[in-house]
Amino acid sequence: MHTHMQYPTPISKTLGIHIVEAGLGTATVQINATKEKHSNQQGTIHGGLLCELADAAIGTAHSTVVQEGETFTSVELKVNFYRPVFEDILTATASPLQSGKNLSHYQCDIFRSDGKKAAMITSTVMTLRGDEAKGR
């Protein structure tokens, strides 16, 4: 993976998310989601974890296309949950829907280990340059 960004990120270390593969504008990440660490009050894996998993995949994908001195931020994220997740290894794959100079749009699909899609996420990412990128 070619990027000037810091990997693994602190949030990925905390949650146990790891990069499986990254290419130019694409990324696949995984997590071993457990009931003890990642569940909600109903015992299913918390939807917020799926959002973070997708955000990690999308951020990793976008980090491969930003240049030295540039950074980025998510400006929108939308999730559709398709089926519940219990303890499982989840795989999130992100790819660009549209890549622009300032705004790029990504789609990320999250799959359970049985191959069924658990969620689909879309996100808009803004590339920051110059003063906007300083200190980020």
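Shown above is the structure to which this text applies.
What counts, and where the lines are drawn
Residues numbered from 1 in each chain as written. Predicted model: local features only at pLDDT ≥ 70, side-chain atom pairs only at ≥ 80, totals over all residues. Heavy atoms only, no water. Pairing = 2+ DSSP bridges. Helix = DSSP H or I, 4+ residues; strand = E, 2+ residues; numbered from the N terminus. Axes fitted to C-alpha atoms, helices over the stretch in contact; angles between N-to-C directions. Expected span 1.5 Å × (residues − 1). Buried < 20%, exposed > 50% of the residue type's maximum accessible area, 1.4 Å probe, protein only. 1 Å grid on protein atoms, 1.4 Å probe; cavity = no way out; pocket = protein on both sides within 12 Å on 5 of 7 lines; lining within 4 Å. Points joined across faces, edges and corners; volume = space filled by probe spheres on them. Nonpolar A, V, L, I, M, F, W, Y, C, P; charged D, E, K, R; others polar.

S.K.: Give me the sheet that holds strand E5 (residues 103-111): which residues, what numbers.
M.R.: Taking strand neighbours across the sheet as the criterion, the 6 strands line up as E1-E2-E4-E5-E6-E3 in an open arrangement whose pairing is antiparallel. Each edge of the sheet is formed by a strand with only one pairing partner; in this case those strands are strand E1 (18-23) and strand E3 (71-81). On average, adjacent strands in this sheet sit at an angle of 20° to one another, irrespective of strand direction. Pairing between E1 and strand E2 (residues 26-33): 5 bridges, direction antiparallel.

S.K.: Quick one: what's the story with helix H3 (residues 47-63), residue by residue and with numbers?
M.R.: Compared with an ideal rise of 1.5 Å per residue, which puts 17 residues at 24 Å, H3 spans 24 Å between its outermost C-alpha atoms and is within 8% of the ideal. The element H3 is largely enclosed, with a buried count of 12 among its 17 residues. Those residues of H3 that sit buried are Leu49, Leu50, Leu53, Ala54, Ala56, Ala57, Ile58, Gly59, Thr60, Ala61, His62 and Ser63.

S.K.: Residue-level account of the environment of Lys134, with values.
M.R.: Within the element layout of this structure, Lys134 appears in the segment after strand E6 (117-128). Under the relative-accessibility criterion, Lys134 is labelled exposed at 61%. For the pair Lys134 and Gly69, spaced 65 residues apart in sequence, the C-alpha to C-alpha distance is 8.0 Å.

S.K.: Can you tell me about the layout of surface pockets, naming the residues and giving the values?
M.R.: Once rolled over the atoms, a probe with the size of a water molecule shows which space is left empty. If you add up the space inside the largest pocket, you get close to 450 Å³. Every residue lining the largest pocket is counted, 22 residues in all, and those nearest its centre are Gln6, Tyr7, Thr9, Gly59 and Phe72. Contributing elements (two or more residues each) for the lining of the largest pocket: helix H1 (10-15), E1, H3 and E3. A total of 5 residues in the lining of the largest pocket trace back to one element, the largest contributor, which is H3. Grouping the constituent residues of the lining of the largest pocket by class yields 10 nonpolar, 9 polar and 3 charged.

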